[in-house]
Amino acid sequence: MFKMQSIQEISISSSSGPARYKYKKSSYVEIFEALQSLRNNEVLCDIELETDDSTKILGHKVVLASASPYFHAMFTNFSERNHDHVVIRQLDSTALQLLVNFIYSGEIVITEKNVQILLPAANLLQLQEIKDICCDFLQKQLHYTNCLGINTLADLHSCTKLLTSSELYIQQNFSKVVEADEFLTLSPDQVVKLISSDELAVPSEEKVFECVIRWVKHELVSRKCILPQLMEHVRLPLTSSNYIFKNVFKEPLLNNCLCKDYIIEALHFLKSDQLVTVPECIRIKPRQPSVLHKVILVIGGHGNSTECYNSKINQWNFGPEMITTRFHAGLAVLKDNCVFAVGGIRLNSTFKSVEVLNLSSETPCWKLSVDMLVERSALGVGIINNYLYAVGGCDGTNTLNSVEVFDCISQEWRMVSNMSTRRSHVGVGVLNDLLYAVGGNSSGRTLNSVECYHPSFDKWIPVAEMCFHRCAAGVGVLDGVLYAVGGCYRLEALKSVEAYRPSTGVWITIVDMNFPRENAGVVALDGLLYAIGGRNGLSCLKSVEVYNPITNTWTMLRESMKVERSCPRVVTIGHRPPHF
């Protein structure tokens, strides 16, 4: 028996009141290392897990139950709580070993070989963190040769985001997907689901017909009876009569009388021009690919990395890296396809260089474009009628009031009229084909003035002043309203927001953001205004909040960016596949 020696009580109170000090351990690494050591040495282990192949894995009930709701229920509510040996059926032993080791160590390596066993195992054990990591891994591996299998896996294990993103990928890459061997392994129901989608991005309906014939011929004996069911979803009236006579009529598999009915139907519509008179017939309805859906592209504020946000699946993914690391650059997009990154600064070097990302290319990557005439950082940019404007900024020494414009057809920069005020960290928005320069900094003064450029007259005209002085405000345009979001004044980051309607000619304050943000990226998408990253005055942010003009509320986006970005620049672009 241990016996403590008595000690004389001493007083440690002070005249300033009762003393109290709270200590919280910042890291539990040592504890987990100790638990892992106990497990490896089979010390104090009170449970042995056995899989179908007789693999046995030792552990501690309390540790497993603390990490997994599955084990928590097993060891508290079911008969296994009184057992020291449990057999877990239909669970891969390698996956179980990896997951138990993760529970003890906090580390796991996901590979192409083990992800297919880890995902179902994590789903069974309700290890949501690992399930999400597996889904993210598979998301990045999407390719036209494997997307159908990934989609099936996502559906089987209720991976909602992965299911949606893989479906989008399949729809947008349909022509390549149906040429891959994986397509030939689909079940009849899966083929029907695929070809019946209104959102297939196909160059022509001929591609759908040809993939159906290819799938049937792969296992002709068992599949030829399914052909009429598949032909019901092929929109033959959207092909040409020439194609039908040259290709469809000559296909021997279509001798079935039901299949012939679809051919006759198509020829009837094509001949009589009645395509718009029978709207209830799905076979005459043109497909509408979801490729028109827009996403947000973010650059800057963190090395040369870029990120892309898809609101349809609420997910961020890294995009193609830029050639140059640029802080305080300008960003604009032309016709949803060409993204221009303009100027910026790095290590006290101010750039006049420009990079462009052509999203219409097969493998989008950043390439150098034509340099500006003037070095500029902390500038604003905007596009009007295919002309890219670079507004104000700083050349490394002086705050600028100069403005230059890039003709996207002639590929040349030229100077236009100067602003009335020098402005760096200026926000720029385009509204009604006019360019608005909002706030900024001029010779150490934070501005609340705003001026508007009329391209037709090559002239800057002052408009109403903002309610607050703002430097490094985010500027966005939504439904005919110009918004000035956050910024800073006298070294303090702001969370206030105001809006300007040209019809009224005045600025009004709206509800504050949840957090102060200076140099946030601001952009409109699907009727909402996004404020992305920036600084709160002390640190860089990766959080995002969204303004709804109908409810006049800001809400935090559940999914933050992958990295903090101090001065992100953002645009919306036409939807690309889930990864670049």
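Residues numbered from 1 in each chain as written. Predicted model: local features only at pLDDT ≥ 70, side-chain atom pairs only at ≥ 80, totals over all residues. Heavy atoms only, no water.

- The name that an unreviewed UniProt entry assigns to the chain is Kelch-like protein diablo, with the source organism given as Acyrthosiphon pisum.
- For the chain, the Function (unreviewed entry) comment in UniProt is given as "Probable substrate-specific adapter of an E3 ubiquitin-protein ligase complex which mediates the ubiquitination and subsequent proteasomal degradation of target proteins. May have a role in synapse differentiation and growth." (UniProt positions renumbered as here; feature names shortened; annotations may be inferred.)

Brief notes about the overall build of the chain
- Across its full length, the chain holds 15 helices and 33 strands.
- As displayed, the chain offers around 29100 Å² of accessible surface, 52% of which is attributable to carbon and sulfur atoms.
- Positive and negative side-chain charges in the chain, numbering 54 and 59 respectively, have mean positions lying 3 Å apart. (Helix = DSSP H or I, 4+ residues; strand = E, 2+ residues; numbered from the N terminus. Areas by Shrake-Rupley, 256 points an atom, 1.4 Å probe, with all protein chains shown as cover. Lys, Arg positive; Asp, Glu negative; His and termini not counted. Charge placed at Lys NZ, Arg CZ, Asp CG, Glu CD.)

Description of the environment of S353
- The topology assignment puts S353 in the loop between β10 (349–350) and β11 (354–358).
- The class for S353 is buried, based on a relative accessible area of 16%.
- Reaching out from S353, the side chain makes a polar contact with the side chain of R326 at a distance of 2.9 Å. (Buried < 20%, exposed > 50% of the residue type's maximum accessible area, 1.4 Å probe, protein only. Polar contact = N/O pair within 3.5 Å; in protein donor to acceptor, adjacent residues only side chain to side chain.)

Considering the sheet that holds strand β27 (residues 497–501)
- Taking strand neighbours across the sheet as the criterion, the 4 strands line up as β23-β24-β27-β28 in an open arrangement whose pairing is antiparallel. With one partner strand each, in any of the chains shown, β23 (474–478) and β28 (506–510) form the two edges of the open sheet. Along the sheet, successive strands turn relative to each other by an average axial angle of 25°, direction set aside.
- Bridge analysis of β23 against strand β24 (residues 481–485) gives 5 bridges, and the strand direction is antiparallel. Residue pairing for β24: G474 is matched across the bridge by V485. (Pairing = 2+ DSSP bridges. Axes fitted to C-alpha atoms, helices over the stretch in contact; angles between N-to-C directions.)

Brief notes about the UniProt feature "domain: BTB" (unreviewed entry) in the chain
- When the UniProt feature table is mapped onto this chain, "domain: BTB" (unreviewed entry) is found at residues 45–112.
- The span residues 45–112 carries 43% helix and 16% strand; its end-to-end C-alpha distance comes to 32 Å.

Here's the deal with the confidence of the model for the chain
- Looking at the chain as a whole, the pLDDT averages 90, with 93% of positions reaching at least 70.
- Counting interchain partners and residues more than four positions distant, the pLDDT-below-50 stretch residues 274–279 has 8 contacts. (pLDDT = per-residue confidence, 0-100. Contact = heavy atoms within 4.5 Å.)

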